[in-house]
Amino acid sequence: MADSKRDLFIKRRRRVRNRLRKVGAGRVRLCVHRSNRNISAQLIDDSRGVTLASASSLEKALELKNGSGVEAAAIVGAALAERAAAAGVRDACFDRGGYLFHGRVKALAEAVRAGGLNV
């Protein structure tokens, strides 16, 4: 029987996380969560189990009219890069979860890179 969309998503997420454990060991993880209405990202130090910085389209400070869309993702990425610099983070490994690197996820990653974070 064919896997459901959710099962395929979980397989992709496991594959990405396993690769990050091997390749990105010791680096901060930039984790992205995307829903139909919003997008959020956080910098997580897995060795200590703490979140160093985060940004979301739900924040009032970003003054977004629409939380979904490529433009909103780019604004969230720029805000996260700014907060990462304030936290002293320069390098991170990009954890896209089970999401494809396209559209909003790609826009967020490019905005973070443009903001000075090495992802």
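Residues numbered from 1 in each chain as written. Predicted model: local features only at pLDDT ≥ 70, side-chain atom pairs only at ≥ 80, totals over all residues. Heavy atoms only, no water.

### What about the overall build of the protein?
If you tally the helices and strands in the protein, you get 3 helices and 4 strands. Walking the protein from its N terminus toward its C terminus, one meets helices and strands in the order α-β-β-β-α-β-α. Taken against the 2.2 N^0.38 rule, which gives 14 Å for 119 residues, the C-alpha radius of gyration of the protein at 14 Å falls within 12% of a compact globule. Viewed in the frame of its principal axes, the protein has a C-alpha envelope of about 45 × 35 × 20 Å. Out of the 119 residues in the protein, the part that is buried amounts to 37%. Long-range pairs, those at least 24 residues apart, make up 62% of the contacts in the protein with a sequence separation of at least 6. Surface summary for the protein: the accessible area is close to 7,500 Å², and the carbon and sulfur share equals 48%. A distance of 6 Å separates the average location of the 24 positive side-chain charges in the protein from that of its 11 negative side-chain charges. (Helix = DSSP H or I, 4+ residues; strand = E, 2+ residues; numbered from the N terminus. Rg over C-alpha atoms; globule rule 2.2 N^0.38 Å. Buried < 20%, exposed > 50% of the residue type's maximum accessible area, 1.4 Å probe, protein only. Contact = heavy atoms within 4.5 Å. Areas by Shrake-Rupley, 256 points an atom, 1.4 Å probe, with all protein chains shown as cover. Lys, Arg positive; Asp, Glu negative; His and termini not counted. Charge placed at Lys NZ, Arg CZ, Asp CG, Glu CD.)

### Focus: the environment of Gln 42
By the element assignment, Gln 42 lies in strand β2 (residues 39-45). When the C-alpha positions of Gln 42 and Arg 29 are compared, they lie 8.0 Å apart, and in sequence the two are 13 residues distant. Apart from the residues lying within four places of it in its own chain, the contact partners of Gln 42 are Arg 29, Leu 30, Cys 31, Thr 51, Ala 53 and Ser 54. Looking at Gln 42, its side chain comes within polar contact range of the side chain of Thr 51, at 3.2 Å. (Polar contact = N/O pair within 3.5 Å; in protein donor to acceptor, adjacent residues only side chain to side chain.)

### Thoughts on helix α1 (residues 5-23)
In this model α1 runs 27 Å from its N-terminal to its C-terminal C-alpha over 19 residues, within 8% of the 27 Å that 1.5 Å per residue would give. Within the span of α1, buried status applies to Phe 9, Val 16 and Leu 20. The arc enclosing the buried residues of α1, seen along the axis, measures out at 40 degrees, which places them on a common side. Residues of α1 that are exposed and angled more than 90 degrees away from the buried face: Arg 14, Arg 15, Arg 21 and Lys 22. On its buried face, α1 sits against β1 (28-34) and β4 (92-95). (Expected span 1.5 Å × (residues − 1). Arc of directions from axis to C-beta.)

### Observations concerning helix α3 (residues 104-114)
Along α3, the residues that are buried comprise Arg 104, Val 105, Ala 107, Leu 108, Ala 109, Ala 111 and Val 112. Of the surrounding elements, those touching the buried residues of α3 are β1, β2, α2 (70-87) and β4. One or two residues past the end of α3 sits Gly 116, with phi positive at roughly 110 degrees.

All we've got here are geometric facts, nothing functional implied.
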